[in-house]
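Single-letter residue listing:
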Amino acid sequence: MSIEFHNWIYLTDILPAWAQHPSSRTEHQRVEEIQRKVRSVLARLPGRERETIQLYYFEGFSIEQIAAKLGTTATRITLLLQRAKRRLKHQLADWVRAEFGVLPPTRSCAICAHPQREAIERLIAKRLPEEPYSRLFRRIRQHHRLKLLSPKTIISHMEYHRTQPETRGNHDEK
């Protein structure tokens, strides 16, 4: 995998931290460990999101170039990048906290932050494909006294956790 620098990086004449060469063997091992971890998380992203991240951050394509290459709109590519970055952030959060002591932002979705999250997720898992989300929405509001804004909150929660259902994470309520 090659990395092409964006123009603004060339203009600063300073290599970004991820492109600097480690000065010691320990630093080199640390950089390799970070690269392995990020690659493993990238590999678990859904195909379109992974491809968009690859093209934008590692191959230096612009959003418009990616849109043309993938046959979609720049708006769609922007949304894919945002979603992919949220997933990466979520999937790397525990590791970053353990390795670097960096705490994630305090904002989280209403379902993730609820003390009865497991029970709510069991309800969500029991939902039949033909069952409307509005019914599930009312059930969660009544039984768990969770003030959701709309059924879209449930859908967003499910979509966000699709690739990592066993993890807890911070994401904004949609």
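Values in this document were obtained by computation on a predicted structure and should not be read as measured data.

K.L.:
I'd like a description of the overall build of the chain, backed by residues and values.
P.N.:
Each helix and strand in the chain was counted, giving 9 helices and 0 strands. Ordered by position from the N terminus, the helices and strands of the chain form the series α-α-α-α-α-α-α-α-α. Going through the 174 residues of the chain one by one, you find that 30% of them count as buried. Sequence separation of 24 or more characterises 57% of the internal contacts of the chain that already satisfy a separation of 6 or more. Taken as a whole, the chain presents about 11400 Å² of accessible surface, with 55% of it coming from carbon and sulfur.

K.L.:
Explain helix H3 (residues 47–58) residue by residue, including any values.
P.N.:
Taking 1.5 Å per residue, 12 residues should reach 16 Å; H3 reaches 15 Å between its end C-alpha atoms and fits that length. When we look at burial in H3, the residues that qualify are Glu49, Thr52, Ile53, Leu55 and Phe58. Buried-residue contacts for H3 involve helix H2 (25–43), helix H4 (63–70) and helix H5 (74–100). At the exit of H3 stands Gly60, carrying a positive phi of roughly 80°.

K.L.:
Describe the packing of aromatic side chains, and please don't skip the residues or the numbers.
P.N.:
Any aromatic ring pair is given by two values, namely how distant the centres are and how the planes are angled relative to each other. Considering all chains together, one arrives at 2 aromatic pairs under this definition. Plain terms: the ring middles of Tyr56 and Tyr57 are 4.8 Å apart, the flat faces sit at 85° to each other, and that makes the pair edge-to-face. Plain terms: the ring middles of Trp95 and Phe100 are 5.6 Å apart, the flat faces sit at 85° to each other, and that makes the pair edge-to-face. Phe100 sits in the partly exposed class, given a relative accessible area of 41%. The ring of Tyr133 carries the charged tip of Arg127 above its face, separated from the ring centre by 3.7 Å.

K.L.:
Explain the nonpolar core residue by residue, including any values.
P.N.:
A general tendency of soluble globular proteins is for nonpolar side chains to be buried together. Leu42, Leu45, Ile53, Ile66, Ile77, Leu81 and Leu88 are the most contacted members of the largest nonpolar core, which totals 17 residues. Contributing elements (two or more residues each) for this core: H2, H3, H4 and H5. Every residue in contact with Leu42, bar those within four places of it in the chain, is listed here: Arg50, Ile53, Phe58 and Leu88. Listed in part, the 13 residues of the second largest apolar core include Leu123, Ile124, Ile140 and Leu148.

K.L.:
Explain unusual backbone geometry to me, using residue names and the numbers behind them.
P.N.:
If you check the backbone angles, Arg145 has positive phi at about 50° while not being a glycine. Structurally, the position occupied by Arg145 is in the loop between helix H8 (133–144) and helix H9 (151–160).

K.L.:
Go over the environment of Lys152 with me, naming the residues and quoting the values.
P.N.:
Within the element layout of this structure, Lys152 appears in helix H9. By relative accessible area, Lys152 is classed as partly exposed at 44%.

K.L.:
Hey, could you go over the packing of helix H7 (residues 117–126) against H9 for me, with residue numbers and the actual values?
P.N.:
Taken N-terminus to C-terminus, the directions of H7 and H9 make an angle of 95°; their axes are 12 Å apart at the nearest point. Taken together, H7 and H9 sit at an angle that is classed as roughly perpendicular. Seen from H7, the contacting residues are Arg117, Glu121 and Ile124; seen from H9, they are Ile154, His157 and Met158. When grouped by side-chain class, the residues that make up the contact of H7 with H9 number 3 nonpolar, 1 polar and 2 charged.

Analysis parameters
- Residues numbered from 1 in each chain as written.
- Predicted model: local features only at pLDDT ≥ 70, side-chain atom pairs only at ≥ 80, totals over all residues.
- Heavy atoms only, no water.
- Helix = DSSP H or I, 4+ residues; strand = E, 2+ residues; numbered from the N terminus.
- Buried < 20%, exposed > 50% of the residue type's maximum accessible area, 1.4 Å probe, protein only.
- Contact = heavy atoms within 4.5 Å.
- Areas by Shrake-Rupley, 256 points an atom, 1.4 Å probe, with all protein chains shown as cover.
- Expected span 1.5 Å × (residues − 1).
- Phe/Tyr/Trp six-rings, centres within 6.5 Å; stacked < 30°, edge-to-face > 60°.
- Lys NZ or Arg CZ within 6 Å of the ring centre and 35° of its normal.
- Core = buried A, V, L, I, M, F, W, Y, C linked by side-chain atoms within 4.5 Å.
- Axes fitted to C-alpha atoms, helices over the stretch in contact; angles between N-to-C directions.
- Parallel < 35°, antiparallel > 145°, perpendicular 65-115°, else oblique.
- Nonpolar A, V, L, I, M, F, W, Y, C, P; charged D, E, K, R; others polar.

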